[in-house]
Amino acid sequence: MSKPRVEKLRTLKTIAETLNQGHDVKVTLDEVLKELLSLTGLQSGWIFLIDREGSYTLAADAYLPPALSHKQNVLMCEGDCYCLNKFRNGSLTRAANIMNCKRIELAEQLNCFDTEGITHHATVPLEGGGRSFGLLNVAAAGKTLFDEDELHLLEAVAFQIGTAIQRMKLAEYEQKNALLMERNRLAQDLHDSVNQMLFSVSLTAKAAKSLTKDKTLQDMIDFIQTLSQDALAEMKSLIWQLRPEGLEKGLPSAVKSYGTLIGLTVNVKQTGSLSSLSDEQELMLWRIVQEALNNCKKHAGTDTAYVNIASRGKQIELEVIDHGSGFCAEAHDGLPSLGIKGMKERAETSGGRFAIHSELGAGTVISVSLPLSEQKGRKM
Ligand SMILES: Nc1ncnc2c1ncn2[C@@H]1O[C@H](COP(=O)(O)OP(=O)(O)O)[C@@H](O)[C@H]1O
Ligand SMILES: [Mg+2]
């Protein structure tokens, strides 16, 4: 076997081994990219993942020159370039030489940082499951052309990477699905057991009341009935929270339905598009609105709430407002009330900010501001 052929096989074997061990897409792509560069003697590499709408994310990068990596890779995360355009218009079906990279050109024009001799790059589509979903790009100082052999090797590596990404995404999806199934099962169990029992307690109390004329006993039975009805209402809301049905129709619609469920009129106002919200961010906001509306129903003494959701630049702003009794927020600071604490933790874990303003007799405003994902590439 010729030497280049043996080397090519060794490269493919090493990369396949790394990919087979990977579970996390980001970590694995970072590792495999470094490995590819070291095995081929190339200098820099980066991987774009591209969604069905054509928006891209810089999923991995290795040894980018300062001209491309300065300010946390800003040049690699914003705007479009030739390879992305070729990908989107369907003309990139195999590995290709990109003669002029718009990002490198821009870096040269800015002339602030070193390009380390990189002027061109090769680009290869990442494919898996019959769909193209990304680009593998590699470059080296002074290298203006990749020969057929090099392009073939890159194609084989890209094929391996594409298949591995599909496998990891599938495993991630299965995990999420298993979690959802478990929550659904729990919701169903709660509905079939505790919920039905509480309903029976309420009915039995009603029947018991009609069997006695004793006023004290009647009052006690009334109390049992009220308690069991409150518990039923709490259970209903818990079950709904376990199965966030309706979110598939979007946050505003889910919020309105939830209001109806707990007996609250909710005026929802949406400003701007919410399409840049990730599923996780949407679910997080949904949980916060649920708790805020629960509080409004339980504590504010009003049956109307206002929910404003606005997309402004790179931020999503959420407000839940009521004109109810209000409370002294400072007095609750440090107290073990899980609702407000949970809302704050949820917002902050997703990189957002949470604030609560309340005034006795005037009402309460919950606000959350959440940065939209920085890494999500915007189309020019
Ligand atoms: N919208 C509201 N209107 C009036 N009081 C509120 C409101 N939200 C919260 N509170 C007060 O803050 C307390 C803490 O809320 P929370 O942390 O959600 O705990 P919980 O709802 O379990 O009592 C409540 O018990 C209530 O006194
Ligand atoms: Mg609460």
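What you are looking at is a predicted structure, and each value in this text was computed from that prediction instead of being measured.

**Quick word on the packing of helix α7 (residues 215–242) against helix α9 (residues 279–300)**
Part 1 of the reasoning: At a minimum axis separation of 12 Å, α7 and α9 run at an interaxial angle of 170°. Of the possible angle classes, the one that applies to α7 and α9 is roughly antiparallel. Side by side, α7 and α9 meet where E234, S237, W240 and Q241 of the first sit next to W286, R287, Q290, N294 and K298 of the second.
Part 2 of the reasoning: Class assignment of the residues belonging to the contact of α7 with α9 gives a composition of two nonpolar, four polar and three charged.

**What to know about the pairing of strand β10 (residues 363–371)**
Part 1 of the reasoning: For β10, a buried count of seven out of nine residues is recorded, marking the element as mostly surrounded by other parts of the structure.
Part 2 of the reasoning: In this sheet, β10 lies alongside strand β8 (residues 315–322) in antiparallel orientation, the contact comprising eight bridges. Within β10, the position partnered with I321 by the bridge is V365.
Part 3 of the reasoning: Bridge analysis of strand β9 (residues 353–359) against β10 gives seven bridges, and the strand direction is antiparallel. Bridged to E359 within β10 is G363.
Part 4 of the reasoning: Between β9 and the antiparallel strand that follows it, β10, lie three residues; G361 among them carries a positive phi value of about 85°.

**Observations concerning the site of ligand 1**
Part 1 of the reasoning: Taken together, 14 residues are adjacent to ligand 1, and E291, N295, H299, D322 and I340 come closest.
Part 2 of the reasoning: Take G339: an N or O atom from its main chain is 3.3 Å from an oxygen atom of ligand 1.
Part 3 of the reasoning: Within the backbone of I340, one N or O atom sits 2.8 Å away from an oxygen atom of ligand 1.
Part 4 of the reasoning: A total of 530 Å² of accessible area belongs to ligand 1 in isolation, and the protein chains cover 81% of it.
Part 5 of the reasoning: Secondary-structure elements contributing two or more residues to the shell around ligand 1 are α9 and α11 (338–349).
Part 6 of the reasoning: Ranked by the residues each element gives to the shell around ligand 1, the list is headed by α9, at five residues.
Part 7 of the reasoning: Across the shell around ligand 1, the residue classes tally to three nonpolar, eight polar and three charged.

**A closer look at the coordination of the magnesium ion (ligand 2)**
Six octahedrally arranged donors around a metal ideally form angles of 90 or 180 degrees; four tetrahedrally arranged donors ideally form angles of 109.5 degrees.
Part 1 of the reasoning: Looking at the magnesium ion (ligand 2), one finds its protein donor set to be E291 (OE) and N295 (OD1), positioned 2.1 Å from the metal centre. Residue E291 and its partner N295 are located together in helix α9, separated by four residues, close to a single helical turn.
Part 2 of the reasoning: With relative accessibility at 17%, the residue N295 sits in the buried group.

**Some remarks on the packing of aromatic side chains**
Part 1 of the reasoning: Per the counting criterion, the structure on display carries two aromatic pairs.
Part 2 of the reasoning: Measuring from centroid to centroid gives 5.1 Å for F48 and Y56, while their planes differ by 70°, and the two rings are edge-to-face. Assigned by exposure class, F48 and Y56 land together as buried.
Part 3 of the reasoning: Taking the centre distance of 5.9 Å and the plane angle of 80° together, the rings of Y258 and W286 count as edge-to-face. Taken as a pair, Y258 in helix α8 (residues 251–262) and W286 in helix α9 lie far apart in primary sequence, 28 residues in all. Across this residue pair, the class does not change: Y258 and W286 are buried.
Part 4 of the reasoning: Here K143 stacks its cationic end above the ring of F146, 4.8 Å away from the centre of that ring.

**Concerning the environment of L42**
Part 1 of the reasoning: Looking at where L42 falls in the secondary structure, it is placed in the loop between α2 (25–40) and β1 (44–50).
Part 2 of the reasoning: With a relative accessible area of 13%, L42 lands in the buried category.
Part 3 of the reasoning: For L42 and A141, which are 99 residues apart along the polypeptide, the C-alpha to C-alpha distance reads 8.4 Å.
Part 4 of the reasoning: Residues within four places of L42 in sequence aside, it is in contact with L37, V138, A139, A140, K143 and F146.

**Section: the domain arrangement of the protein chain**
It is common to give the size of an interface as the accessible area that goes away when the parts come together.
Part 1 of the reasoning: According to the domain assignment, the protein chain contains domain 1 (3–173) and domain 2 (249–380).
Part 2 of the reasoning: The distance between the C-alpha centroids of domain 1 and domain 2 comes to 40 Å.

**Looking at the sheet that holds strand β3 (residues 96–98)**
Part 1 of the reasoning: Taken together, five strands build an open sheet; the order of strands is β2-β1-β5-β4-β3 and the sheet is antiparallel. Two strands close off the open sheet at either side, each with one partner strand: β2 (56–62) and β3. Neighbouring strand axes in the sheet, compared pairwise and without regard to direction, differ in orientation by 25° on average.
Part 2 of the reasoning: Note that strand β4 (residues 121–128) and strand β5 (residues 131–139) share seven bridges and pair antiparallel. Following the sheet pairing, T123 is matched in β5 by N137.
Part 3 of the reasoning: Against the sheet, helix α3 (residues 66–77) makes contact with β1 and β2, and its axis sits at roughly 130° relative to β2, the strand it touches most.

The rules behind these values
Residues numbered from 1 in each chain as written. Chains lettered and ligands numbered in written order. Predicted model: local features only at pLDDT ≥ 70, side-chain atom pairs only at ≥ 80, totals over all residues. Heavy atoms only, no water. Axes fitted to C-alpha atoms, helices over the stretch in contact; angles between N-to-C directions. Helix = DSSP H or I, 4+ residues; strand = E, 2+ residues; numbered from the N terminus. Parallel < 35°, antiparallel > 145°, perpendicular 65-115°, else oblique. Contact = heavy atoms within 4.5 Å. Nonpolar A, V, L, I, M, F, W, Y, C, P; charged D, E, K, R; others polar. Buried < 20%, exposed > 50% of the residue type's maximum accessible area, 1.4 Å probe, protein only. Pairing = 2+ DSSP bridges. Near = heavy atom within 4 Å. Polar contact = N/O pair within 3.5 Å; in protein donor to acceptor, adjacent residues only side chain to side chain. Areas by Shrake-Rupley, 256 points an atom, 1.4 Å probe, with all protein chains shown as cover. Donors = N, O, S within 2.8 Å, 3.2 Å for Na, K, Ca; no water. Phe/Tyr/Trp six-rings, centres within 6.5 Å; stacked < 30°, edge-to-face > 60°. Lys NZ or Arg CZ within 6 Å of the ring centre and 35° of its normal. Domains from an automatic or database assignment.

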